[in-house]
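Examining the three-dimensional arrangement
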Amino acid sequence: RVSRMEAEGVEKSVPTRDAIAHHLTHKIETRPVPDELRDLNILRGDDRVAPSLQAAREALAKEKRADNLQKKLGTRPDKDSLVQHNILKDVQVAPALQAASESVRKEKLVRHIEHMIEARPVREDLLDRSAAIFAAGSAGAADQRESVAQALRHKIDQRPEPQELIRAHILQVCGKAGMDELLNQREPYWTGGWGPM
């Protein structure tokens, strides 16, 4: 059978021995050094260790990594624990909307707490209410009224100031009243008034 090239009269060029020797010499001179081959992950390990031992060492290292991974996966906390420690958020919204949802929730909470602080009664109102409740009681109600009033006074005196709650990061100041304005204008609530301290 005659090849197509021969049929067309084109001769095959067979490289000479000198051309092959020159080509191989060039390839040997330009081949990468072992360090370059290690950097490219073609060679592994070092030259002092036999290739069969290198393979065994790599297999052992791979098994060790797999065992460590299994141990860590076994001790990994479950989702409920992560939610309880506030690492994961337990929300039913898309991940792209979670930040906005959390921001809205915090803003609602801040407004609610601010409203509760503004609406909380002053000391005199609380004492008047407790006195009115026990005034209608029996003859032994006076002692009970006094002990309850004293306990109520103690609780009111121990109630933290809004400034303390802000400093402890329990409350946030937002909206039209800034922290400096709140800290400088609010009188202690047990005096029953508002104004400069």
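Helix and strand counts for the protein chain come out as ten helices and zero strands. Ordered by position from N to C terminus, the α and β elements of the protein chain give α-α-α-α-α-α-α-α-α-α. Classification of the 197 residues of the protein chain by burial places 12% in the buried group. Counting contacts in the protein chain only where the partners sit at least 6 residues apart, residues at least 24 apart contribute 41% of the total. Roughly 16,600 Å² of accessible area belongs to the protein chain as shown, and the carbon and sulfur atoms make up 56% of that amount.

In this section: the pattern of salt bridges. As a working rule, side chains carrying opposite charge can pair if their charged atoms are close by. Taken as a whole, this structure holds four salt bridges when the rule is applied. We note a salt bridge from Arg-38 to Asp-35, for which the minimum N-O separation is 3.0 Å. Here Arg-38 and its partner Asp-35 are both found in helix α3 (residues 34-39), three residues apart, which amounts to about one turn of the helix. Arg-38 gets classed as partly exposed once you look at its relative accessible area, which sits at 22%. For Asp-35, a relative accessible area of 52% puts it in the exposed group. When the shortest N-O distance is used, the salt bridge between Arg-111 and Glu-107 registers 4.0 Å. One end of the pair is Arg-111 and the other is Glu-107, both in helix α6 (residues 98-119) and four residues apart, which spans about a single turn. The partly exposed category is assigned to Arg-111, whose relative accessible area is 46%. When its relative accessible area of 34% is taken as the criterion, Glu-107 is described as partly exposed.

For the rest of this paragraph, the subject is α6. Compared with the 32 Å implied by 1.5 Å per residue over 22 residues, the 32 Å span of α6 between its first and last C-alpha is a close match. All of the buried residues along α6 are Glu-102, Val-110 and Ile-117. Within α6, the buried residues cover an arc of 75° as seen down the axis, which keeps them to one side. In α6, the exposed positions that point more than 90 degrees away from the buried face belong to Val-104, Lys-108, Glu-118 and Ala-119. Where α6 is buried, its residues touch α9 (162-167).

Another aspect to go through is unusual backbone geometry. Positive phi values are uncommon outside glycine, yet Asn-41 reaches one of about 65°. In this fold, Asn-41 is placed in the loop between α3 and α4 (51-74). Phi angles above zero are rare outside glycine, and Asn-86 is one such case at about 60°. Structurally, Asn-86 is set in the loop between α5 (79-84) and α6.

Attention now moves to the confidence of the model for the protein chain. Summing up the model confidence of the protein chain, the mean pLDDT is 77 and the portion of residues at 70 or higher is 72%. Here helix α10 (residues 179-185) stands out as the least confident element of the protein chain, with mean pLDDT 55; helix α2 (residues 17-30) is the most confident, with 92.

What counts, and where the lines are drawn
Residues numbered from 1 in each chain as written. Predicted model: local features only at pLDDT ≥ 70, side-chain atom pairs only at ≥ 80, totals over all residues. Heavy atoms only, no water. Helix = DSSP H or I, 4+ residues; strand = E, 2+ residues; numbered from the N terminus. Buried < 20%, exposed > 50% of the residue type's maximum accessible area, 1.4 Å probe, protein only. Contact = heavy atoms within 4.5 Å. Areas by Shrake-Rupley, 256 points an atom, 1.4 Å probe, with all protein chains shown as cover. Salt bridge = Lys/Arg side-chain N within 4 Å of Asp/Glu carboxyl O. Expected span 1.5 Å × (residues − 1). Arc of directions from axis to C-beta. pLDDT = per-residue confidence, 0-100.

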